[in-house]
Amino acid sequence: MLQVLRYTSENVFVPLTVGGGIRDFTDANGRHYTSLEVASEYFRSGADKISIGSDAVYAAEEYLRTGVKTGKSSLEQISRVYGNQAVVVSIDPRRVYLKNPDDVEFKAVRLTNPGPNGEEYAWYQCTVNGGREGRPIGAYELAKAVEELGAGEILLNCIDCDGQGKGFDIDLIKLISDAVSIPVIASSGAGGVEHFSEVFAKTNASAALAAGIFHRKEVPVQSVKEHLSKEGIEVRI
């Protein structure tokens, strides 16, 4: 991974954010590495920012349970040494439909489009391990907690919308971008240029991300920029 990062940083001249494996671990020889040491290797190899996922969820759960900032989580350690701007937290929530918002202890929203059984509300359950395991914490609660713990940016995915090409989850993105003061990057669901202008018009997202439509060359990056510029949205052409 470090070799790939070094090669990339030598040939790509845009800010690089790297995620994956940023946690405490012990190697096959019994040598223990802290998450801060792992992140330091990434930064020395050319990363501008690092992204934390599951580990940030566990840290937020503990913080909300105890109300204590221990300073021991990877999020706290790395942001303390390298600054909040160097730490991105990636949130992977999934929609849980509700008939009544008071049915759960987490922040729920009224949906723009009702659920499959006519549900008017939903809360967004955070997941870990690539979306395979749901956790007892909502995206709203997680976003607020990680900001307090030192995150400088949030990458907001949506499992329900990922790969669908039907647009971003506006309800989710508005909920989170209104709740925090740090930048929120909207992700998951973009299928056309109009989806980018929509997310900026209807939410406080600072940026919008897409992958598949660019990789498959279905939508050129330049066409997105030109569309945003035409819609009066500030973008670097």
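Described in the following lines is the structure provided in the data block. What you see is a predicted model; the values in this text were computed from it and never measured.

**Comments concerning the packing of helix H3 (residues 54-66) against helix H5 (residues 139-149)**
- Running from N to C, H3 and H5 point in directions that differ by 90°, and their axes come no closer than 9 Å. The pairing of H3 with H5 is recorded here as roughly perpendicular in orientation. Here H3 contributes Ala 56, Val 57, Ala 59, Ala 60, Tyr 63 and Leu 64 to the contact with H5, which in turn contributes Glu 141, Leu 142, Ala 145, Val 146, Glu 148 and Leu 149.
- Here the contact of H3 with H5 is composed, by residue class, of 10 nonpolar, no polar and 2 charged.

**Examining the layout of surface pockets**
- Reported here for the largest pocket is a volume of approximately 1,300 Å³.
- Lining the largest pocket are 27 residues, and of these Ile 185, Ser 206, Ala 207, Ala 208 and Leu 209 sit closest to its centre.
- Contributions of two or more residues to the lining of the largest pocket are made by strand E4 (49-52), strand E10 (153-156), helix H7 (193-202), strand E12 (207-208) and helix H9 (221-230).
- Per-element accounting of the lining of the largest pocket gives the leading share, 4 residues, to H9.
- The residue makeup of the lining of the largest pocket, split by class, is 19 nonpolar, 3 polar and 5 charged.

Conventions adopted
Residues numbered from 1 in each chain as written. Predicted model: local features only at pLDDT ≥ 70, side-chain atom pairs only at ≥ 80, totals over all residues. Heavy atoms only, no water. Axes fitted to C-alpha atoms, helices over the stretch in contact; angles between N-to-C directions. Helix = DSSP H or I, 4+ residues; strand = E, 2+ residues; numbered from the N terminus. Parallel < 35°, antiparallel > 145°, perpendicular 65-115°, else oblique. Contact = heavy atoms within 4.5 Å. Nonpolar A, V, L, I, M, F, W, Y, C, P; charged D, E, K, R; others polar. 1 Å grid on protein atoms, 1.4 Å probe; cavity = no way out; pocket = protein on both sides within 12 Å on 5 of 7 lines; lining within 4 Å. Points joined across faces, edges and corners; volume = space filled by probe spheres on them.

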